[in-house]
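Survey of secondary and tertiary structure
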Amino acid sequence: MGLFIFGTTVTEQTSRPFTVKKSVKEGDPLVMIDFLEKHTKLSKSVLKKVLNNGGVWLRKLNNSKRLRTRRATAELTNESHVEFFFDPRYLSLEVPESREVLAQKEWGIWYKPPGLLSQGTDFGDHCSILRQVEKAKGKAYLIHRLDREAHGLMVFAYTHHAAGSLSKLWQNSDVEKFYKVEVVGNIQKRYPSGGEIKFQIDGKNAYTTFTILEQKEHTAILLVQIHTGRLHQIRRHFEELGYPVLGDPKYGTGNKNSEGIRLMAYQLKFTDPLSKKAINFELSDVAF
């Protein structure tokens, strides 16, 4: 593999994102930080930040499985292949802090603030809730996702056993998921108390129900339950219905909001597959 740089040369790209993918060759340094310094022309202080943020991947040649590496002193061999993802915006990014709101022995429910990714990207994972849970618990398994713009409840497993059991609940739709959502328009005029939405998403059946908590002059606050797990289901369903989510940056028109998207994962109801106890948790200490 050779050197891949998108745009221009490395030295011209230090203020913009770029990617380097390179296999170790004869004469290359065999310590990660030295290898990266040679092939990116970035300072070691910057490289250490990128490593710590999770923007460096390592795998052996002829092996498709790659792993993030954070160690500046990681040893390389002539079988090593390094992938480096650099975005200067990540270096000074202020990352909002998540917190555990319900603690169990092998799993927990966490509050994800708006602006935090569910999991990382090639460029790093320090701006994801998954990484924050890993750092707090030592090990973490992502059970389901929440859009970056949204905020609210997420479940994480801390053991492989719990991850398998909880994942089955989500795969089998054995979880009741409720959201507080503010939409644009007088939806109560058309649906006096609430309704259901069954528009297909990406050619697949999708089912959403909602009740009206408050109809305002120009917007309405709803309690929404999704019965299927399609991508951006709530946002796409209400855009299709004609009442887009307030502040949604991707779906809908006339719904801009300086405070961001008005969508919160509010309540989860399910049976703990480990203890067999009923779980019914509402996010009561965060204002909508």
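All values derive from a computational prediction rather than experimental measurement. (Residues numbered from 1 in each chain as written. Predicted model: local features only at pLDDT ≥ 70, side-chain atom pairs only at ≥ 80, totals over all residues. Heavy atoms only, no water.)

**Here we look at the domain arrangement of the protein**
Domain annotation of the protein identifies domain 1 (18–91), domain 2 (99–172) and domain 3 (176–266). A separation of 24 Å is found between the C-alpha centroids of domain 2 and domain 3. Considering only the side of domain 2, the residues that lose the most area to domain 3 are Asp147, Glu149 and His151, jointly responsible for 57% of the buried surface there. At the junction of domain 2 and domain 3, the tally comes to 2 salt bridges. The partner of Glu149 in a salt bridge is Arg235, with the nearest N and O atoms 3.3 Å apart. At the junction of domain 2 with domain 3, the criterion picks out 5 residue pairs in polar contact (both at pLDDT 80 or more). Broken down by element, the side of domain 2 that touches domain 3 gets its largest block of residues, 3 residues, from strand β8 (residues 151–157). Residues that form the side of domain 2 that touches domain 3 fall into these classes: 4 nonpolar, 2 polar and 2 charged. (Domains from an automatic or database assignment. Buried area = accessible area lost by both parts, 1.4 Å probe. Salt bridge = Lys/Arg side-chain N within 4 Å of Asp/Glu carboxyl O. Polar contact = N/O pair within 3.5 Å; in protein donor to acceptor, adjacent residues only side chain to side chain. Helix = DSSP H or I, 4+ residues; strand = E, 2+ residues; numbered from the N terminus. Nonpolar A, V, L, I, M, F, W, Y, C, P; charged D, E, K, R; others polar.)

**Some details on the sheet that holds strand β3 (residues 67–68)**
A sheet is described by the order of its strands in space; here 4 strands give the open sequence β1-β4-β2-β3, paired in antiparallel fashion. Among the strands making up the open sheet, the edge pair consists of β1 (18–23) and β3. In this fold helix α1 (residues 32–40) packs onto β1, β2 (56–60) and β4 (80–86), with an angle of close to 120 degrees to the strand it touches most, β1. (Pairing = 2+ DSSP bridges. Contact = heavy atoms within 4.5 Å. Axes fitted to C-alpha atoms, helices over the stretch in contact; angles between N-to-C directions.)

**Description of the environment of Lys38**
Positionally, Lys38 belongs in helix α1. The partly exposed category is assigned to Lys38, whose relative accessible area is 36%. Remark: the alpha-carbon pair of Lys38 and Val175, spanning 137 residues in sequence, is separated by 50 Å. Beyond its immediate chain neighbours, meaning those up to four positions away, Lys38 contacts Gly27, Asp28 and Pro29. (Buried < 20%, exposed > 50% of the residue type's maximum accessible area, 1.4 Å probe, protein only.)

**Focus: the environment of Ala72**
Counting through the fold element by element, Ala72 comes out in the loop between β3 and β4. For Ala72, a relative accessible area of 18% translates into the label buried. Measuring from C-alpha to C-alpha, the distance between Ala72 and Ala103 comes to 34 Å, with 31 residues separating the pair along the chain. Not counting the four nearest positions on each side in its chain, Ala72 is found in contact with Val31, Met32, Ile33 and Leu51.

**Quick notes on the pairing of strand β13 (residues 263–271)**
Of all 9 residues that make up β13, 7 are buried, and the element is covered over most of its length. Summarising the sheet, β8 and β13 pair through 2 bridges and their orientation is parallel. Across the sheet, His151 pairs through a bridge with Met264, a residue of β13. Sheet topology places strand β9 (residues 176–184) next to β13; 6 bridges connect them, and they run antiparallel. Directly across from Glu176, in β13, lies its bridge partner Lys269. Judged from the 5 bridges that link them, β13 and strand β14 (residues 278–282) form a sheet pairing that is antiparallel. Counterpart to Leu268 in the pairing with β14 is Phe281. Following β13, the chain reverses through 6 residues before pairing antiparallel with β14; Lys276 in that reversal takes a positive phi of roughly 70 degrees.

**Structural notes on helix α2 (residues 44–53)**
Listed in full, the buried residues belonging to α2 are Leu47, Val50, Leu51 and Asn53. An end-on view of α2 places all buried positions within 165 degrees of arc, on one side of the element. Residue Gly54 follows α2 closely and has a positive phi angle near 90 degrees. (Arc of directions from axis to C-beta.)

**Focus: the packing of aromatic side chains**
Scanning the entire structure with this criterion turns up 9 aromatic pairs. Judged by centre distance (6.3 Å) and plane angle (10 degrees), the rings of Phe84 and Phe86 are stacked. For the pair Phe84 and Phe86, one class covers both residues: buried. Relative to Phe123, the ring of Phe85 lies with its centre 5.5 Å away and its plane at 70 degrees, an arrangement referred to as edge-to-face. Here Phe85 is found in strand β4, whereas its partner Phe123 is found in the loop between β6 (107–112) and α3 (129–137), with 38 residues between them in sequence. For Phe85, a relative accessible area of 6% corresponds to the buried category. Ring-pair connections join several aromatic residues into one group, and the members of that group are Phe18, Phe84 and Phe86. Just above the ring of Tyr266 sits the side chain of Lys180; from NZ or CZ to the centre is 4.4 Å. (Phe/Tyr/Trp six-rings, centres within 6.5 Å; stacked < 30°, edge-to-face > 60°. Lys NZ or Arg CZ within 6 Å of the ring centre and 35° of its normal.)

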